[in-house]
Amino acid sequence: MSTAAAFVGVTQRFGDFTAVDAIDLEIPEGKLTTLLGPSGCGKTTSLRMLAGYSQPTSGTITIHGVDSTRLPPEKRGLGMVFQSYALFPHMTVAENVAYGLKIRKVGKKETNQRVADTLDLVGLGHLSASKPKKLSGGQQQRVALARAIAIQPRLLLLDEPLSNLDARLRVQMRAEIRRIQSETGLTVVLVTHDQDEALEMSDLMVLMKSGRIMQSGAPREVFSQPANRFVADFLGYENFFTDKSGIFRTIRPEYLSLGGDKTGERLEATVVSTAYRGVDLLVTLEAVDGAGQTVRLIADVRNAAAIEPGQKTTVTADPAHLVPLENSGKE
Amino acid sequence: MRGNGTRRPVAATLAVLGYIIMIVPILFVVATAFSAGRTLRFPPEGFSLQWFEAAVTYDPFMESLVSSLYLAIGATALALLLGVPATIAIHRGRIPGRGLLEGLFLSPLIVPELVVGLALYQQLMIGLGLDNLTTLLLGHTALLLPYAVRVTGASLALADPAVEEAARGLGASPVRAFLTVTLPLLRPGIFSAGLLGFVTSFNNVPLSLLLQDREFRTLPVTMLDYVQQSYNPRIAAMATLILAATVVIAVIAERTVGFAKIFGGINR
Ligand SMILES: Nc1ncnc2c1ncn2[C@@H]1O[C@H](COP(=O)(O)OP(=O)(O)OP(=O)(O)O)[C@@H](O)[C@H]1O
Ligand SMILES: [Mg+2]
């Protein structure tokens, strides 16, 4: 697998504040990579450095093996979709899409053909003569996508492309972007703070926190084997405790069972509260773990008999889904 | 609009009153311009166009009209030429102390014009020995700069900076991105600033009064001189002609960019 772009020890400082802290990252060619993390973790800053809109304080960015750290954006040949879409309001949809081709001095006939093809690809062929203001958010988003794709970019960069869309459209557009990516074979880097989006769309998922990469890998791998407490927390692992052999572990609420009739790691616990949710019941418990610490556990159980707060019970953790974590959890 | 009027009777009444106070005196002037008599009096005595003829054939009016237009166009062009790049630098650049810089460009709004005029008179005309026309042109330019900076600044603040970045990403050089994307977005703002500047310069009295001489006088100053000496409908006819021209400009402005845009820009 070849590398489309790479960050090597890239740091970005704004005054005293370090927004991106010595990250190393290889972006695989022809794949969809997501940068995922909470607000302010440095996703946009990283993407903007890759696009050439800002320059790292230190470190190197290579594109197709060439050091491009100081290259201005117009020399990089990348397609970028901004969170605000940044369409040219004084141009029609077709003129927006043709903008990059005009600069590349593509002939009129070929330009028209490529504009039409790209608009068809995003399903907007019928709106080519409209002004952006007349379009819905979803349609504007597709124009921005078409404008970036039309120049046949070496990489397609998307900064939270779906965050301004309503929930249904967002889910629909995930599949849409995935389809466009596989049809064009483009290398895509997508920034998001939505873990479902990252899990569903990525080939490579990169989790960031405070300007550092916490873990990267295929979604399945990251989801089933979070490397540290931050990643586990972010992906919805609720339970953290030290087992009898002294290893710090985590497990998702759905892999805890109550009553002690199963085999696995057991903890004696007291029910703190319950929340009935139709198909399942969320039970919050308190237990003392292998290190003698009082820990709070959340079990997501089905077909449970009536459980009352204050009741004592045994919590069993399914050993197949217990994940060891690299740090002791002291973040 | 009608909904507002019915729901807020006080505001609606005040607005109507405001219009009446502004428009009625203008109507008096317009009416007297059509008088067949020899004095400025209302109601006018008879109807004729003689005073319009008297106005357009009166050399001092026509000469000073040309001077005023010349001055207004020159000062507006200069103010835009200086003000627009300055605004862009203030809003988009990474210059330290940009608040201070913007304050500097806006300061002519606050300093009384007579003080500005006197300063220019002392420094430029006496000190540097510049002639009246140059000094007036510079004075008016300074007067119009705040409009150029404020109005174009308002439309620049409304424009998404990512739009220019998008153009760069698509391959445009900084200059090309500016010319093909940023400038077209600023056009209504620049147009409004120009219009406002033109009208402000054209109507200005204090600066022009201080810096005039016998060869170069602006129309408002000449008209002011005129009413002090003679009191006949010629002045009303001239005023009516200016009014008509202003209405034409306003209609053109409304057709091309729209008043909401023009004055929305100023109030921000
Ligand atoms: N130009 C700048 N000057 C100063 N600080 C900045 C600048 N750009 C970003 N930052 C800071 O750097 C940090 C990372 O910003 P960034 O925009 O990369 O976050 P993000 O991960 O994209 O977050 P979000 O999900 O909110 O978009 C933030 O704390 C932000 O305030
Ligand atoms: Mg961001």
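Quick notes on the rules
For every chain, the first residue of its written sequence is number 1, and the numbers climb from 1 along that sequence. Following the order in which they are written, the chains are lettered starting with A and the ligands numbered starting with 1. Restriction of local features to residues with pLDDT of at least 70 applies here, the model being predicted, together with a cutoff of 80 or more for giving and counting side-chain atom pairs; totals for whole chains, interfaces and linings are based on all residues. Side-chain metrics in this entry use all non-hydrogen atoms of the structure; hydrogen atoms and water are not considered. What is meant by a nonpolar core is a set of buried Ala, Val, Leu, Ile, Met, Phe, Trp, Tyr and Cys residues, joined one to another through side-chain atoms within 4.5 Å. Residue exposure (1.4 Å probe, protein chains only): buried if accessible area is under 20% of the type maximum, exposed if over 50%, otherwise partly exposed. Contacts are residue-level and defined by heavy atoms, with any inter-residue pair within 4.5 Å sufficient. Here, any two strands with at least 2 DSSP bridges between them count as paired. Runs of E in the DSSP output that reach at least two residues are strands. Runs of H or I that reach at least four are helices, and both are numbered from the N terminus. When a carboxyl oxygen of Asp or Glu is within 4 Å of a side-chain nitrogen of Lys or Arg, the pair counts as a salt bridge. A single heavy atom is enough: if one lies within 4 Å of a molecule or strand, its residue is considered near that molecule or strand. Distance and chemistry together define a polar contact, namely a pair of N or O atoms within 3.5 Å, with one atom able to donate a hydrogen and the other to accept it when in protein, and with adjacent residues in sequence counting only for side-chain atoms on both sides. Areas reported here follow the Shrake-Rupley algorithm with a probe of radius 1.4 Å; residue values treat only the protein chains shown as occluding. In this analysis, axes come from line fits to C-alpha atoms, helices being fitted only over the stretch in contact, and the angle between any two N-to-C directions falls in the range 0 to 180 degrees. With respect to orientation, any angle under 35 degrees is reported as roughly parallel, any angle over 145 as roughly antiparallel, any angle of 65 to 115 as roughly perpendicular, and every other angle as oblique. Crossing handedness is read from the near helix: turned anticlockwise from the far helix by less than a right angle, it gives a left-handed crossing, and turned clockwise, a right-handed one. Nonpolar residues are Ala, Val, Leu, Ile, Met, Phe, Trp, Tyr, Cys and Pro. Charged residues are Asp, Glu, Lys and Arg, and all others, Gly as well, are polar. Only residues above 30% relative accessible area that lack a salt bridge enter a patch, with like-charged residues linked at up to 9 Å and the nonpolar side chains Val, Leu, Ile, Met, Phe, Trp and Tyr linked at up to 5 Å. Note on terms: buried area is the combined drop in 1.4 Å-probe accessible area of two parts once they are placed together, counting the loss on both.

A. Broad picture of the nonpolar core. Residue and element names in this part refer to chain A. Counting residues in each nonpolar core, the largest one holds 41 residues, and the members touching the most others are Phe 7, Leu 50, Phe 88, Tyr 99, Leu 155, Leu 157 and Val 189. Setting aside anything within four residues of it in sequence, one finds Leu 157 in contact with Leu 47, Leu 50, Ala 51, Leu 78, Gly 79, Met 80, Val 81 and Val 189. Within the second largest apolar cluster, 34 residues are counted, among which are Ala 148, Leu 186, Val 188 and Leu 190.

B. Focus on the sheet that holds strand β18 (residues 323-324) of chain A. Spatial ordering of the open sheet is given by β11-β12-β18 (chain A), a layout of 3 strands whose pairing is antiparallel. Looking at the sheet topology across the chains shown, the edges are occupied by β11 (239-242) and β18 of chain A.

C. Seen up close, the pattern of salt bridges. All names here are of chain A. The full count for this structure, using the stated rule, is 17 salt bridges over all chains. Close ionic contact of Asp 280 with Arg 277 constitutes a salt bridge, the shortest N to O distance being 3.2 Å. Exposure remark for Arg 277: the relative accessible area of 46% places this residue in the partly exposed category. Its salt-bridge partner being Arg 277, residue Asp 300 comes within 3.9 Å of it at the nearest N-O pair. Within this pair, whereas Asp 300 is found in strand β16 (residues 294-301), its partner Arg 277 is found in the loop between β14 (265-276) and β15 (281-288), the two being separated by 23 residues in sequence. Taken together, the salt bridges that share partners define one network made up of Arg 142, Glu 176, Arg 179 and Glu 183.

D. Representation of the pairing of β16 of chain A in the model. For β15 of chain A and β16 of chain A, the ladder comprises 8 bridges, and the chain directions are antiparallel. From the neighbouring strand, Leu 282 of chain A faces β16 of chain A, where its bridge partner is Asp 300 of chain A.

E. Local environment of the site of ligand 1. All names here are of chain A. The immediate surroundings of ligand 1 are formed by Phe 14, Phe 17, Ala 19, Ser 39, Gly 40, Cys 41, Gly 42, Lys 43, Thr 44, Thr 45 and Glu 160. Take Gly 42: an N or O atom from its main chain is 3.0 Å from an oxygen atom of ligand 1. In this structure, an oxygen atom belonging to ligand 1 sits 3.3 Å away from a side-chain N or O atom of Glu 160. Coverage of ligand 1 by the protein chains reaches 59% of its 630 Å² of free accessible surface. Residue assignment for the shell around ligand 1 shows that the elements contributing at least two residues are β2 (17-28) and α1 (43-51). Ranked by residue count, the leading element in the shell around ligand 1 is α1, at 3 residues.

F. Geometry of the environment of Pro 188 of chain B. Tracing the backbone through its elements, the reader meets Pro 188 of chain B in helix α9 (residues 174-203). Separated by 65 residues in the primary sequence, Pro 188 of chain B and Gln 123 of chain B place their C-alpha atoms 36 Å from one another.

G. Region of interest: the packing of helix α4 (residues 137-150) of chain A against helix α5 (residues 167-184) of chain A. Residues and elements named next belong to chain A. Relative to each other, α4 and α5 sit at 15 degrees, their axes nearing to 12 Å. As summarised for this structure, α4 and α5 are arranged roughly parallel, according to the angle between their axes. Seen from above, α4 lies across α5 with right-handed handedness. Residues Gly 138, Gln 141, Arg 142, Leu 145 and Ile 149 of α4 touch α5, and the partners they reach there are Leu 169, Gln 172, Met 173, Glu 176, Ile 177 and Ile 180. Split by residue class, the contact of α4 with α5 holds 6 nonpolar, 3 polar and 2 charged.

H. The arrangement of a nonpolar patch on the surface in detail. Residues Val 16, Ile 20, Val 24, Phe 28 and Phe 42 of chain B make up a contiguous nonpolar surface patch of roughly 420 Å² in combined accessible area. Within the secondary structure, Phe 28 of chain B is located in helix α2 (residues 9-33).

I. Inspection of the interface of chain B and chain A at higher detail. At the interface, 19 residues of chain B touch 21 residues of chain A. In total, chain B and chain A occlude about 1,600 Å² of area from one another, counting both sides; carbon and sulfur atoms represent 59% of this. On the chain B side of the contact with chain A, Glu 165, Arg 168 and Leu 170 of chain B bury the most area, a combined 36% of that side's loss. In this structure, the connection of chain B to chain A is made through 2 salt bridges. The residue Arg 168 of chain B makes a salt bridge to Glu 74 of chain A at a minimum N-O spacing of 2.8 Å. Our count for the contact surface shared by chain B and chain A stands at 8 residue pairs in polar contact (both at pLDDT 80 or more). Contributions of two or more residues to the side of chain B that touches chain A are made by α8 (161-169) and α9 of chain B. In the side of chain B that touches chain A, the residues fall into 11 nonpolar, 4 polar and 4 charged.

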